[in-house]
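Letter by letter, the chains look like this.
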Amino acid sequence: MTTVTLQADQRLVTLDAGNGPAHFPLIWLRDNAPEGFHPQTEERLFDLTSVPLDLSAEGARIEGDTLVIDWDGANSSRFDIATLMKVRPGSRRSDPAHIAPVTWRSDLGAGGIPRVSANAVLSDDAALQGWLASTRCYGISIVEGLADTTEAGMDVARRIGFLRETNFGVTFEVISKPNPNNLAYTPVALPLHTDLTNQEVPPGFQFLHCLANEATGGGSLFSDGYAIAEDLRQEDPDAFTLLSEVSIPFRFHDDSCDIRGRKHVITLNDESEVTEFCFNAHLADVLDLAPEVMVPYYAAYRRVMEMTRDPKYLVTLKLKAGEMVVFDNRRALHGRQAFDPSTGRRHLHGCYVDRGEFDSRLRLLAR
Ligand code: OGA
Ligand code: ZN
């Protein structure tokens with residue numbers, strides 16, 4: 001039995017279904033009344049400015065499974081109580097894409113990275129859902145058994161959603177090439193980094209499909225930025241605060257673009273949980289912080305750079321042709337060892353899918 005109380009003076013309706021009272025401000029009820037949404041698109045049509053903030057109600061009652069509010073004047077609103085309880089103020093709406101991260105360090109090992117076969121994710125929605133969930137959880141996975149074509153990795157990525165186009169194209173070839181505009185397109189070692197930190201929003205998930213890896217060297221490195229951030233929070237809270245509150249400039253420029261953005265190395269949500277890790281020493285622009293912040297910032301930034309070099313966080317593997325590593329570029333850091341192009345071919349084919357697309361697919365698969 002659900003009971004309802006209208007506290008007219010407080011402009012509040014309280015529902016109690018036996019598991020603790022749920023409080024609904026009248027202005028919230030008015031803003032979320034079902035008749036204020038388009039019946040087909042379910043987008044809100046109601047205009048909040050059409051009612052006063054301190055609007056009042058004449059009555060609130062329960063009819064079966066429905067809460068009825070009689071507003072001042074002729075109209076009333078009807079709410080399904082079960083639906084209302086799921087979005088009660090103060091509780092986050094449940095979200096199938098909200099998958100708590102499991103942080104990892106070197107003890108994960110290459111063998112601990114979740115693996116799935118390309119055929120499974122291409123042909124089976126349940127396999128796709130399971131793979132997306134573990135990739136969200138660990139921030140990294142490996143797809144194996146891809147066909148030997150540059151399309152094969154994109155086909156898997158497109159099972160999730162639109163590819164994110166950048167100044168490097170819809171997809172990019174990671175090969176050593178003449179006149180490189182990016183260190184990735186040379187044979188040099190790439191220390192752990194996240195890609196495109198200079199973008200307004202760096203790409204979410206990155207896909208690197210290995211077509212050939214026959215040269216000497218060229219192993220891949222990975223670490224979990226969330227683990228580094230959490231350890232820094234314990235070890236040096238002031239450094240952690242600086243890296244999460246002070247933004248620094250990043251820049252990439254070549255003949256055809258000059259793309260600049262400011263980022264925090266560590267991004268937190270309202271609950272102080274780490275939701276992003278952004279680190280790329282090659283793309284960091286000249287730091288422009290106030291002199292009194294500069295040296296403490298360098299101390300924090302240098303410490304986090306040292307942590308990215310610490311074997312404690314490192315997982316290494318050498319990708320084989322037909323494997324594709326997938327990782328959350330706003331969480332996991334990636335890098336590679338130098339390779340010798342005279343000893344064999346190395347060819348990765350890359351693309352990105354943003355977090356929004358990824359999470360949308362997770363929600364659709366959960367329907
Ligand atoms: C990149 C990159 C890693 C590799 O293209 O952004 O980091 O293994 N490549 O070549
Ligand atoms: Zn990279």
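Residues numbered from 1 in each chain as written. Chains lettered and ligands numbered in written order. Predicted model: local features only at pLDDT ≥ 70, side-chain atom pairs only at ≥ 80, totals over all residues. Heavy atoms only, no water.

Attention now moves to the nonpolar core. One broad trend across soluble globular proteins is that nonpolar side chains are buried collectively. In this structure, Leu243, Ile266, Phe277 and Tyr297 are the most contacted members of the largest nonpolar core, which totals 56 residues. Looking at which element gives the most residues to this core, the answer is helix 8 (residues 291–309), with six residues. Sequence-distant contacts of phenylalanine 277, that is, excluding residues within four places in its chain, are made with Thr194, Gly225, Ile228, Ala229, Val265, Ile266, Val304, Asn329, Arg330, Arg331 and Leu333. Within the second largest apolar cluster, 24 residues are counted, among which are Leu132, Ala157, Met324 and Phe358. (Core = buried A, V, L, I, M, F, W, Y, C linked by side-chain atoms within 4.5 Å. Buried < 20%, exposed > 50% of the residue type's maximum accessible area, 1.4 Å probe, protein only. Helix = DSSP H or I, 4+ residues; strand = E, 2+ residues; numbered from the N terminus. Contact = heavy atoms within 4.5 Å.)

On to empty space enclosed by the protein. Throughout the structure, instances matching the rule amount to one cavity of 30 Å³ or more. There is about 40 Å³ of room inside the largest cavity. Residues that form the lining of the largest cavity fall into these classes: three nonpolar, three polar and three charged. (1 Å grid on protein atoms, 1.4 Å probe; cavity = no way out; pocket = protein on both sides within 12 Å on 5 of 7 lines; lining within 4 Å. Points joined across faces, edges and corners; volume = space filled by probe spheres on them. Nonpolar A, V, L, I, M, F, W, Y, C, P; charged D, E, K, R; others polar.)

A word on the pattern of salt bridges. Overall, the coordinates contain 24 salt bridges when judged by the stated rule. Notably, a salt bridge pairs aspartate 354 with arginine 164, separated by 3.1 Å at the nearest N-O pair. Of this pair, aspartate 354 sits in the loop between strand 22 (346–353) and helix 9 (355–366) while arginine 164 sits in the loop between helix 5 (150–158) and strand 9 (171–174), and the two are 190 residues apart along the sequence. Between arginine 260 and aspartate 258 there is a salt bridge, with its nearest N and O atoms 2.9 Å apart. Aspartate 258 gets classed as partly exposed once you look at its relative accessible area, which sits at 37%. What you see here is one network of salt bridges that share partners, running through Arg61, Glu63, Asp70 and Arg78. (Salt bridge = Lys/Arg side-chain N within 4 Å of Asp/Glu carboxyl O.)

A separate point is the domain arrangement of the chain. Taken as a whole, the chain is organised into domain 1 (3–86) and domain 2 (106–366). Centre-to-centre separation of domain 1 and domain 2, based on C-alpha positions: 45 Å. (Domains from an automatic or database assignment.)

Along the chain, the position of threonine 194 falls in the loop between strand 10 (190–193) and strand 11 (205–213). Leaving out residues up to four positions away in the same chain, threonine 194 has contacts with Phe277, Cys278, Phe279, Asn280, Asn329, Ala332, Leu333 and His334.

Surrounding ligand 1, one finds Val174, Ala184, Leu190, His193, Asp195, Gln206, His334, Arg336, Arg346 and Leu348. Taking aspartate 195, its side chain carries an N or O atom lying 2.9 Å from an oxygen atom of ligand 1. Side-chain polar atom of histidine 334 to an oxygen atom of ligand 1: 3.0 Å apart, as the coordinates give it. Expressed as a share of its isolated accessible area of 290 Å², the protein-covered part of ligand 1 is 95%. For the shell around ligand 1, the secondary-structure elements that each account for two or more residues are strand 10, strand 20 (332–336) and strand 22. Across the shell around ligand 1, the residue classes tally to four nonpolar, three polar and three charged. (Near = heavy atom within 4 Å. Polar contact = N/O pair within 3.5 Å; in protein donor to acceptor, adjacent residues only side chain to side chain. Areas by Shrake-Rupley, 256 points an atom, 1.4 Å probe, with all protein chains shown as cover.)

Quick look at the sheet that holds strand 3 (residues 21–25) now. The antiparallel open sheet is built from three strands, whose spatial order is 1-2-3. Of all the strands in the sheet, the pair left with one neighbour each is strand 1 (3–7) and strand 3. Neighbouring strand axes in the sheet, compared pairwise and without regard to direction, differ in orientation by 20° on average. As defined by bridge partners, strand 2 (residues 12–16) adjoins strand 3 across five bridges and the pair is classed as antiparallel. Its bridge partner lying in strand 3, valine 13 is registered against phenylalanine 24. (Pairing = 2+ DSSP bridges. Axes fitted to C-alpha atoms, helices over the stretch in contact; angles between N-to-C directions.)

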